[in-house]
Amino acid sequence: MEAAAHRPGFAGRQGELAHLTQLWEASRAGRGTAVLLVGDAGMGKSALTETFAATRTDARVVWGRAWEAGGAPPFWPWLQALRALARQRGEQVHGLAPERRGSLPPDEARFAMLDATVHALLDAAAERPTLLVLEDLHAADEASVALLELVVDAARQVPLMVVATTRQRELAEAHGRAAERLQRSATRLDLGPLDADAVAELAAARGLDGAELHRFSEGHPLYLQELVRLRAHEPTSTEIPPTVEAILTARLAALTAPARETLGALAVFGREAVDAELAAVMERDVRADLAEAVAAGVLASVRCERGPGHRFAHILLRQAALPAAPARWHARIGRWLRGLAPVPWSEVVHHLREADDPGRLSAVRAAAAVAMEQLAFEETLRLRHEALALAEVDPPPVAARPADESAPPQTGPSEAPSGGAAERRAVHLELAETQLVTGDLQAGRAGCVAVAAEARAAGDALALGRAALTYGSVIVAAAVDDRLEELLEHTLELLDAPAPPDTPAPPDAPASAD
């Protein structure tokens with residue numbers, strides 16, 4: 001504890017540590033609590049949380065971290081935490097297991113899955129007081145934040161403490177009302193710059209000038225840490241970079257050119273990357289570069305989800321390492337990840353999106369299918385809206401309507417519908433189906449009607465039939481739906497009409513491998 005007090009990321013945080021400890025004692029006594037640890041990047045949120053967790057020898061501690069670089073699958077921080085919990089308890093992961101939903105409809109299956117997740121945490125806390133740490137909540141997906149709300153509400157009478165670190169502005173921008181609700185139900189601790197006394201205490205322990213350090217750093221813990229490092233390596237230097245970003249950039253510039261290139265590619269992967277995947281994308285041995293960066297304190301060795309890897313010591317180091325033109329790396333990484341089995345579709349989509357790859361529609365559809373299998377409705381809707389926007393970038397022509405607009409559309413098309421038009425109809429129908437599943441009856445049915453109208457005009461009986469069946473998948477009790485009857489009648493009419501030669505069938509949705 002004494003050593004921790006003199007870490008730049010922790011100095012001056014004794015009051016916050018004491019507050020967390022007080023809240024922990026209440027949680028351990030059976031009055032579960034949630035804490036939002038709020039501060040800008042570099043304010044020492046992780047350092048404080050790690051120090052606090054290290055002192056909890058009377059607790060089971062599990063961690064989850066959102067993926068700030070983008071591309072993580074739904075529920076990612078919770079999957080990490082539940083896997084850690086399962087390892088500690090020596091059992092299989094409970095909760096977030098959509099494959100156990102059986103024959104339940106999607107909305108009921110999602111409720112059952114989230115309920116099982118909450119109870120897995122409550123059962124673990126009942127066995128032994130539990131500290132759950134979720135880092136970088138602002139970067140989490142909507143489903144993860146919704147699950148956190150459920151856990152916070154359910155944990156008030158069990159020895160469970162949840163500490164979530166976040167940045168205020170990004171949390172509000174990403175999660176709006178959910179963020180407001182969390183801040184009302186949780187205890188909020190704000191981390192700002194360190195005061196002059198805290199900086200002087202740290203400086204004295206290292207034989208440095210506290211006034212000078214505070215004047216340049218203004219109490220910013222990460223900037224302070226980098227100034228201490230600079231003074232240790234260049235004690236006579238009079239040049240002080242004006243910002244933390246500048247000092248980190250200068251630190252990276254001291255590395256060899258191959259190491260900087262490797263760090264640039266790693267930064268495009270995200271905060272961390274698997275060594276073997278990084279080497280495969282770069283098409284060369286990167287071990288010496290990684291060792292150089294570790295020796296410089298830029299990286300640390302970690303165990304990633306898919307194997308051994310390395311992680312930037314701080315998110316701002318990752319940002320400083322990003323290459324000036326990352327699109328080519330994003331494209332290369334996206335293509336390479338697409339060759340894995342199973343394919344991490346959420347990561348593939350992220351990289352192809354950042355590369356502005358015009359052919360990413362199939363990847364977006366596949367990622368949406370995976371998200372739907374995981375019952376992450378929010379992510380599914382987002383991806384299916386994106387897919388429809390991509391499919392409509394260059395909309396193919398629809399079969400011509402008769403000159404007399406009052407006349408019914410032709411029942412037998414004059415020419416085969418294009419594959420692009422058929423795919424756009426399939427994508428639109430996938431969105432409509434998701435809207436119906438998630439309770440947006442008006443939007444879902446409107447989408448079905450739109451697809452049906454286009455399919456009828458184009459003579460696409462299969463798409464028209466699918467639109468009719470999707471429209472009718474939600475039945476309003478004690479109501480006769482004239483529109484449904486009309487859609488079915490139009491489908492039968494088109495099926496009875498002679499089909500044009502070589503009419504291609506619309507493609508099925510991509511396989512949901514993950």
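Preceding this paragraph is the structure being described.
The structure contained in this document is the topic of the report that follows. Quick caveat: nothing in here was measured; it's all calculated off a predicted structure.

**With respect to the overall build of the protein chain**
Line of reasoning, step 1. Broken down by element type, the protein chain carries 22 helices and eight strands.
Line of reasoning, step 2. Expressed as a percentage of the 514 residues in the protein chain, the buried residues total 51%.
Line of reasoning, step 3. Intrachain contacts of the protein chain at a sequence separation of at least 6 include 70% that bridge at least 24 residues.
Line of reasoning, step 4. Here the protein chain displays about 23400 Å² of accessible surface, and carbon together with sulfur accounts for 53% of that area.

**Focus on the pattern of salt bridges**
Line of reasoning, step 1. Going through the model one piece at a time under the given rule, you end up with 33 salt bridges.
Line of reasoning, step 2. Arg 60 serves as the salt-bridge partner of Glu 127, at 3.4 Å between the closest nitrogen and oxygen. Here the residue Glu 127 occupies a position in helix H4 (residues 106-127), and Arg 60 occupies one in strand S2 (residues 60-65), the gap between them amounting to 67 residues.
Line of reasoning, step 3. Arg 365 is the partner of Glu 423 in a salt bridge, and the nearest nitrogen-oxygen pair spans 3.1 Å. Highlighted residues: Glu 423 in helix H19 (residues 419-437) and Arg 365 in helix H17 (residues 361-373), separated in sequence by 58 residues.
Line of reasoning, step 4. A relative accessible area of 23% means that Glu 423 is categorised as partly exposed.
Line of reasoning, step 5. Classification of Arg 365 by relative accessible area gives buried; the value is 3%.

**Some details on the side chain of Ser 217**
Line of reasoning, step 1. Looking at where Ser 217 falls in the secondary structure, it is placed in helix H8 (residues 210-217).
Line of reasoning, step 2. The class of Ser 217 is buried, set by a relative accessible area of 3%.
Line of reasoning, step 3. Dropping the residues within four chain positions of it, Ser 217 is found in contact with Tyr 223, Leu 224 and Leu 227.

**Regarding the packing of helix H15 (residues 327-337) against helix H16 (residues 345-354)**
Line of reasoning, step 1. Look at H15 against H16: their axes get within 7 Å of each other, and the N-to-C directions meet at 150°. By the angle between their directions, the pair H15 and H16 is classed as roughly antiparallel. In this structure, H15 crosses over H16, and the sense of that crossing is left-handed. Along its contact with H15, which presents Ala 327, His 330, Ala 331, Ile 333, Gly 334, Arg 335 and Leu 337, the element H16 presents Glu 347, Val 348, His 350, His 351, Leu 352 and Glu 354.
Line of reasoning, step 2. Its residues assigned to classes, the contact of H15 with H16 comprises six nonpolar, four polar and three charged.

**Some remarks on the sheet that holds strand S6 (residues 272-274)**
Line of reasoning, step 1. Ordered in space as S6-S8-S7, the three strands form an open sheet in which the pairing is antiparallel. Strands at the two margins of the open sheet, each flanked by one partner only, are S6 and strand S7 (299-304). Between one strand axis and the next, the sheet turns by 30° as a mean value, whatever way the strands run.
Line of reasoning, step 2. Bridge count between S6 and strand S8 (residues 307-312): three bridges; the pairing is antiparallel. Across the sheet, the residue bridging to Glu 272 is Arg 311, located in S8.

Procedures and definitions
- Residues numbered from 1 in each chain as written.
- Predicted model: local features only at pLDDT ≥ 70, side-chain atom pairs only at ≥ 80, totals over all residues.
- Heavy atoms only, no water.
- Helix = DSSP H or I, 4+ residues; strand = E, 2+ residues; numbered from the N terminus.
- Buried < 20%, exposed > 50% of the residue type's maximum accessible area, 1.4 Å probe, protein only.
- Contact = heavy atoms within 4.5 Å.
- Areas by Shrake-Rupley, 256 points an atom, 1.4 Å probe, with all protein chains shown as cover.
- Salt bridge = Lys/Arg side-chain N within 4 Å of Asp/Glu carboxyl O.
- Axes fitted to C-alpha atoms, helices over the stretch in contact; angles between N-to-C directions.
- Parallel < 35°, antiparallel > 145°, perpendicular 65-115°, else oblique.
- Left-handed = near helix turned anticlockwise from the far one by under 90°.
- Nonpolar A, V, L, I, M, F, W, Y, C, P; charged D, E, K, R; others polar.
- Pairing = 2+ DSSP bridges.

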